[in-house]
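Examination of the molecular architecture
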Amino acid sequence: MTLSLHEPDLALHVEDLTVSYQSKPVLWDIDFDVPPGVMAGIVGPNGAGKSTLIKSVLGLVPVVAGHVRLFGLPYKARRRRVGYVPQRSSVDWDFPTTALDVVTMGLYGRLGWLKRPGRRERDEAMAALEQVGMADFARRQISQLSGGQQQRVFLARALVQQADVYFLDEPMAGVDATTERAIVDILRRLRDDGKTLIVVHHDLQTVRSYFDWLLILNVRVIAQGPVHEIYTADNLKRAYGGQIALLDETGFLSNQASGS
Amino acid sequence: MTGFLALLQDYTIQNVVAGAALLGLISGVLGSFAVLRQQSLLGDTMSHSALPGVCLGFIIAGTRHMGSILLGALATGALAALVMLLLTRMSRLKTDAGLGIALSVFFALGVVLLTHIQGMNNAAQGGLDAFLFGQAAATLRSDVWIMGAITAAALTLVAALWKEFKLVTFDPEFAASLGMPVVWLEVLLTVMIALAVVVGLQMVGVVLMAAMVIAPAVAARQWSHRLEDMVWLAAAIGVAGGVFGALLSALSRGLATGPLIILSVSAVVLVSITLAPGRGLIWAALRLWRGRRRLRDQQVLTTLYRLAAHHEDPVYRSEQGMLDTYHGLGTRAALRKLERRGLVEWGEAPPAEPGPERRWVLTPAGIAEAERILASLNGEEA
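Cut-offs used in this document
Residues numbered from 1 in each chain as written. Chains lettered and ligands numbered in written order. Predicted model: local features only at pLDDT ≥ 70, side-chain atom pairs only at ≥ 80, totals over all residues. Heavy atoms only, no water. UniProt positions renumbered as here; feature names shortened; annotations may be inferred. Salt bridge = Lys/Arg side-chain N within 4 Å of Asp/Glu carboxyl O. Helix = DSSP H or I, 4+ residues; strand = E, 2+ residues; numbered from the N terminus. Buried < 20%, exposed > 50% of the residue type's maximum accessible area, 1.4 Å probe, protein only. Core = buried A, V, L, I, M, F, W, Y, C linked by side-chain atoms within 4.5 Å. Contact = heavy atoms within 4.5 Å.

The name an unreviewed UniProt entry assigns to chain B is Metal ABC transporter permease, from the organism Halomonas nitroreducens. Its UniProt record gives chain B a comment under Sequence similarities (unreviewed entry), which states: "Belongs to the ABC-3 integral membrane protein family." For the record of chain B, the UniProt heading Subcellular location (unreviewed entry) holds the text "Cell membrane".

Chain A is annotated in an unreviewed UniProt entry as Metal ABC transporter ATP-binding protein from Halomonas nitroreducens. As its UniProt record puts it under Sequence similarities (unreviewed entry), chain A is described as follows: "Belongs to the ABC transporter superfamily."

Below you can see the structure in the form of structure tokens.
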């Protein structure tokens, strides 16, 4: 079977995607498109399926129905153009390895079977560590890094993948303000270079300043599109229900009680 | 000394030592991955579950044929791992419960089969129960060759798939996103641990084999910061413990080899857990104690500072007794240390005041240090 291009002009095209772990759906009939060159945020309450959406795009969880295309082709055919930053808490940071070694892992896919990373791979990894401001920590045992530094190492590992589309799962979760700014700067630079970034995000306060594209998710798609059209009190209320501080008239968050 | 050399020329002892070294090698290397993947207990389940396989291998071959016994052990060991996996995937059972159930069911089955074989009055069944705790002395040269071949195959695989195994152990999701066949790599690692178990059956038996998988890796982890170092070191510890235990048992006629090997390796674990720099318990305790003492000194210093600020007198003189009451314990040692650092002075009391003649006063350096401490505390709170 030859693969024909389907929606090749979209960095990401998700159609009719349904995922369920048990009998209850985690994602229900998701249609989601991201044009190239934007920084897209995915927000939604806990259990909305944000991480699951990314994982199902990357083929990490089985899909009940639907399909996914990256620049017109399925993930398997586009693997080399995709970078992935999993949640920091998804690995054991007491693993015996160095920051440089973790970043080098981003090149394992390109290396292929039986080949070992050599000087060239080390240099590339080092360059990525420099980009995220972690060059001085290259030889450091990863368990000795702070949460923010670990997150930057993960980001560097995705940078060496030299991808066109990056998926990041809560890269700003549990990091200090300095690291958050550094990460956002790097992501913006990537976007300005024409890369597409798809970021699961948890902090509604910063959505408008960080992203130019937005998906509001709660098992179903609540809204998607340019952030200035989508980031409205009404949409947020539909996603989060009453459990959230609402937008006031000026667009800033206030701590109004629900239903007021 | 000549006695020791004669020992090494003994054919049986050569076999035992070679077997113990091979066992240490394979279990050190594969155990490292098992421990890092938090599957230490999987080794235990697989080794206990090898017992019914040993018996089935014997029943099918009709004799104590090593090849079929090991194949049987490998089969039921791997089957137990599979059952555990299915139990935890399909039901709400947690991994530890799944491991426990698989272990006890398979082991019970093995013991039933063992007693059944003993009841058959087959002369060839002699010593099948040795697989429970191992019978190193019964190791033949052909057994050593089988163990060597299995070890060589496993080590070759680990070398060839090194970076894949490393990434699957550290971050399986990322590995999958790169297109690595994660499930197959994990199955391969698990089957190889079953292989290590099979290698150890003859030497240490099904009951103690888990320790052989876990112990060298745990000890090595204490001393190493990279997976490469950890695996080499675990292999070295495994080999050394195996050889040492084997020789010890040869020197002291009558003591069981397998348990001695386990005890040798465990001694290394004990030393590593307490003494290893950085990760050892002693160092951790020392760090804790130092940290607490430093904090105490800082508290006493800031108390002096606050008292001085409260009285709006930078050279306010505080009484020893008052500081003790303030902190609910003796502060003399802490104050002496602060004095040695030039942060406080043991000064004269103001002439007109009642009370003790000598009191504690902050030096300018002490004031600066107290302000630095308080500022950093406030900075963290902000």
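1. Here's the deal with the pattern of salt bridges
Residue and element names in this part refer to chain B. All told, the structure shown has 20 salt bridges over all chains when counted by the stated rule. Among the salt bridges present, the one from K166 reaches E228, with a minimum N-O distance of 3.6 Å. With K166 in helix α9 (residues 162-170) and E228 in helix α12 (residues 227-251), this pair connects stretches of sequence that are 62 residues apart. Look at K166 and you get buried, because its relative accessible area is 2%. The exposure class of E228 is partly exposed, given its relative accessible area of 22%.

2. Observations concerning the nonpolar core
Core analysis: the largest hydrophobic core is formed by 172 residues, its most contacted members being L12(A) and F167(A). When residues of this core are assigned to their parent elements, the largest contribution, 22 residues, is made by helix α11 (residues 182-223) of chain B. Contact partners of L12(A), with chain neighbours within four places excluded, come to F32(A), D33(A), V34(A), V57(A), V68(A), R69(A), L70(A), F167(A) and I198(A). Counting residues in hydrophobic clusters, the runner-up holds 16 residues, among them Y316(B), A334(B), V344(B) and L362(B).

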